[in-house]
Amino acid sequence: ITSSKVEASVPLARYLQKAMIANLRRAYAELKDLGVTKAPFWVLTGATMPCALVEVNFLSNRAEEKLLRTADYQNAAAQAIARGVGDYLDNYHYVSMNQTK
């Protein structure tokens, strides 16, 4: 991923993070907001459009692993990701205009 794609991906990542926290905290108040990290992740290398890596939970944390095994939590996370992408697309023109400034 080029540095320009990293910068272009930040708004997408922020929309995803905001939706994840808003959606999941309704039922899982203990959820921590670890924010957005900007880095050239290997799995995103070669992307030709804005992209983001969503880390829903950490399997090394037993409580988070237990949550991730439930269909309710998986569905809530999936809905949050979909909402974040939708919010990004709804605001894409505004986001892309601010990228050029």
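Scroll up for the structure.
Residues numbered from 1 in each chain as written. Predicted model: local features only at pLDDT ≥ 70, side-chain atom pairs only at ≥ 80, totals over all residues. Heavy atoms only, no water.

Before we go on, may I ask you to explain the overall build of the protein chain in this structure?
Assigned secondary structure in the protein chain consists of 4 helices and 0 strands. In sequence order, the secondary structure elements of the protein chain are arranged as α-α-α-α. Split into buried and exposed, the 101 residues of the protein chain put 28% on the buried side. In the structure as shown, the protein chain presents an accessible area of about 7200 Å², 56% of it carried by carbon and sulfur atoms. (Helix = DSSP H or I, 4+ residues; strand = E, 2+ residues; numbered from the N terminus. Buried < 20%, exposed > 50% of the residue type's maximum accessible area, 1.4 Å probe, protein only. Areas by Shrake-Rupley, 256 points an atom, 1.4 Å probe, with all protein chains shown as cover.)

Is there a simple way to think about the side chain of Ser9 in this case?
With respect to the helices and strands, the residue Ser9 is situated in helix 1 (residues 3-25). From its side chain, Ser9 meets the backbone nitrogen of Cys51 in a polar contact 2.8 Å long. (Polar contact = N/O pair within 3.5 Å; in protein donor to acceptor, adjacent residues only side chain to side chain.)

Before we go on, may I ask you to explain the environment of Asn23 in this structure?
Locating Asn23 in the fold gives a position in helix 1. When its relative accessible area of 13% is taken as the criterion, Asn23 is described as buried. With 56 residues separating them in the primary sequence, Asn23 and Gln79 have C-alpha atoms 7.9 Å apart. If we ignore the near neighbours within four places in the chain, the residues touching Asn23 are Ala76, Gln79 and Ala80. At a separation of 3.0 Å, a polar atom in the side chain of Asn23 contacts the side chain of Arg26. (Contact = heavy atoms within 4.5 Å.)

Explain helix 3 (residues 71-90) here, please?
Over its 20 residues, helix 3 extends 28 Å from the first C-alpha to the last, a length consistent with the 28 Å expected when each residue adds 1.5 Å. If you check which residues of helix 3 are buried, you get Tyr73, Ala76, Ala77, Ala80, Gly84 and Tyr88. For helix 3, the angular spread of the buried residues around the axis is 105 degrees, confining them to a single face. Away from its buried face by more than 90 degrees, helix 3 exposes Asp72, Gln79, Ala82, Leu89 and Asp90. (Expected span 1.5 Å × (residues − 1). Arc of directions from axis to C-beta.)

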